[in-house]
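Results of the structural survey
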Amino acid sequence: MASSLIQSPGTLRPLMRLSLPVLAEQVLHLLVGLSDLALTGRLLEGTEYVAGMTLVIYLLWLVGTLFAFIATGATPLTARFTGAGQPEMANRVMNQSITVGLAWTVVLMLVGLPIAAPAVAMMGLEGPSAEAAARYLTIELCVLPAIMFERVGIACLRGAGDTMSGLWVMALVNVVNIGVSYTLVTGAGGAFTPLGWDGVALGTAAGHLVGAALLVAMLAGGRAGYRMRPSLMKPDPAMIRRLLRIGIPGGAEAVLLVVCNLAYLRIVLKLGDVAAAAHGVAIQVESLAFLPGGAFQIAASTTTGQYLGAGDPARATRSAWAATAVASAFMVAAGVVFWFTAEDLIGLFVFEKPDVVSLAAQLLRLISLAMLPLAVSMVLAGALRGAGDTRWPLLFTIIGFGLVRVPLAMYLSQETVTLPLIGATFAGAGWGAVGAWCGAVTDLCVRATLMTGRFVNGGWKTVEV
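Worth saying up front: this structure is predicted, and the values here are computed from it rather than measured. (Residues numbered from 1 in each chain as written. Predicted model: local features only at pLDDT ≥ 70, side-chain atom pairs only at ≥ 80, totals over all residues. Heavy atoms only, no water.)

**Comments concerning the pattern of salt bridges**
- Within this structure, the stated rule accounts for 9 salt bridges.
- Measuring nitrogen to oxygen at the nearest pair gives 3.5 Å for the salt bridge that ties arginine 92 to aspartate 236. Here aspartate 236 lies in the loop between α9 (197-220) and α10 (237-269) and arginine 92 lies in helix α5 (residues 87-122), a separation of 144 residues in the sequence.
- We classify arginine 92 as partly exposed; its relative accessible area is 28%.
- A salt bridge links arginine 454 to aspartate 389; the shortest N-O distance between them is 2.8 Å. Of this pair, arginine 454 sits in helix α16 (residues 433-457) while aspartate 389 sits in the loop between α14 (371-386) and α15 (391-413), placing them 65 residues apart in sequence. (Salt bridge = Lys/Arg side-chain N within 4 Å of Asp/Glu carboxyl O. Helix = DSSP H or I, 4+ residues; strand = E, 2+ residues; numbered from the N terminus. Buried < 20%, exposed > 50% of the residue type's maximum accessible area, 1.4 Å probe, protein only.)

**A closer look at helix α8 (residues 164-186)**
- When the terminal C-alpha atoms of α8 are compared, their 33 Å separation across 23 residues agrees well with the 33 Å that a helix rising 1.5 Å per residue should span.
- For α8, the complete set of buried residues consists of Ser165, Gly166, Leu167, Val169, Met170, Val173, Asn174, Val176, Asn177, Ser181, Leu184 and Val185.
- Positive phi shows up at glycine 187, right after α8, with a value of about 80°. (Expected span 1.5 Å × (residues − 1).)

**Describing the state of the cysteines**
- Inspection of the entire model under this criterion finds 0 disulfides.
- Here cysteine 260 stays free of any disulfide, with the sulfur of cysteine 445 as its closest cysteine sulfur at 18 Å.
- On the basis of relative accessible area, cysteine 260 is assigned to the buried category, the value being 10%.
- With no disulfide partner, cysteine 445 has as its closest neighbouring cysteine sulfur the one in cysteine 438, 11 Å distant.
- Given the relative accessible area of 37%, cysteine 445 is considered partly exposed. (Disulfide = S-S within 2.5 Å.)

**Remarks on helix α7 (residues 144-159)**
- Here α7 contains 16 residues, and its C-alpha end-to-end distance of 23 Å stays within 8% of the 22 Å for a straight helix at 1.5 Å per residue.
- Here α7 lies mainly inside the structure; 14 of its 16 residues are buried.
- Glycine 161 occupies a position one or two residues after α7 and carries a positive phi of about 90°.

**Quick notes on the packing of aromatic side chains**
- Counted under the stated rule, the structure contains 5 aromatic pairs.
- Where phenylalanine 69 meets tryptophan 104, the ring centres are 6.2 Å apart and the plane angle is 85°; that geometry is what we call edge-to-face. Of this pair, phenylalanine 69 sits in helix α4 (residues 68-83) while tryptophan 104 sits in helix α5, and the two are 35 residues apart along the sequence.
- Plain terms: the ring middles of phenylalanine 455 and tryptophan 460 are 4.7 Å apart, the flat faces sit at 15° to each other, and that makes the pair stacked. By the burial criterion, phenylalanine 455 is buried, and tryptophan 460 matches it.
- Chaining the aromatic ring pairs together yields one cluster made of Trp321, Phe455 and Trp460.
- Sitting over the ring of tyrosine 264, arginine 405 keeps its end group 5.3 Å from the ring centre. (Phe/Tyr/Trp six-rings, centres within 6.5 Å; stacked < 30°, edge-to-face > 60°. Lys NZ or Arg CZ within 6 Å of the ring centre and 35° of its normal.)

**Observations concerning the packing of α5 against helix α6 (residues 127-141)**
- The interhelical angle for the contact between α5 and α6, taken along N-to-C directions, is 170°, at an axis separation of 8 Å. As far as their axial angle goes, α6 and α5 are roughly antiparallel. Across from Met109, Gly112, Leu113, Ala116, Ala117 and Val120 in α5, the residues of α6 making contact are Ala130, Ala133, Ala134, Leu137, Thr138 and Leu141.
- When its residues are assigned to classes, the contact of α5 with α6 shows 10 nonpolar, 2 polar and no charged. (Axes fitted to C-alpha atoms, helices over the stretch in contact; angles between N-to-C directions. Parallel < 35°, antiparallel > 145°, perpendicular 65-115°, else oblique. Contact = heavy atoms within 4.5 Å. Nonpolar A, V, L, I, M, F, W, Y, C, P; charged D, E, K, R; others polar.)

Without other data, these values stay purely geometric and don't point to any function.
Written out as structure tokens, the structure is:
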């Protein structure tokens, strides 16, 4: 797969061969949250559960993103070695990535389990919503090793040009998740006492466990040339340093992205359960538009790394621009669909909550206007990471979120704004959740401009990994 990618004529064909399975895989990743949200919205009474799921989705996004410190280094390194015709070195990177991932998982579980409930409270949820979110998060933290294998193992396979394995793994995760969750929530038609909200969490955990088992079998059995072996997993300090030299800036960017999103979410949660529920549902529907961007972001990362490893920076450049163009076309088309069918799409999840549907539809139409800058920022960031140029995307995330999105969302959404730490208070615009999403649109435009500038500059072509 990897060698044919380098030798294939043209640019679009290898991109599509990589992107289409990733696109399907991204759909399946998204479906985990969407199915949980749909089960919650349709089978459980009360807005508080939808609000709780909104926060859970963000917190689990944060938990998964914490493995970006490893995955962001693993993909470009395995891609470079694959492109350079050194599969044994790519295999060593994979084994060392799993070793670091297991150690990191232990740390995260020791820290995360005791603070699950305080973390939910810190985000501003109260009462039944907070209690439900804390229970769900605790259950998922217990299967964190499985989530690690999904994130890190699939990242290594992508670097070798294998995007099909992640698709099969996530298909299995979803089949198990939906089947087990529905059975536990409903009690299998009276066969046992329904578990309700806890059933949703347990079904998701079961899906991750089964999917990870399949992935481990693949990595141990020679998939994409990889052989996971205890002898190769013995810590190699030199390789781990190379892995983390790329991965730490990329992971810091990913974590910063989620942390800033949590700060942004906290602004929305303070607006009440209706705003929180509308925000959560609109985010999940909007995520459908992320899928082409996410697929071509990963394809751009893989092709950029492999072409640079093969000594062909011109082709790396062409592949990144082609990925950006195709992703932009798909995502702008999705924005048009969002604009004209907003209420229908939102109603798929919360059809019996008209106040939530109305507000969420406004938010979805607003973000539909930002599909082009979202596509550009996503794909070019992927290309830069694939080249090992992870520091500039980190800086742009700091600027976009820290200096644009969060401050602007705070001002536009609230009637009265109190600055943290210093306690100063002043009048805000008071636009509610719509104002918060205006801040998000502005941030996307800023980051797209910055990513384009760095890519055109060309400094990423000479980064050493």
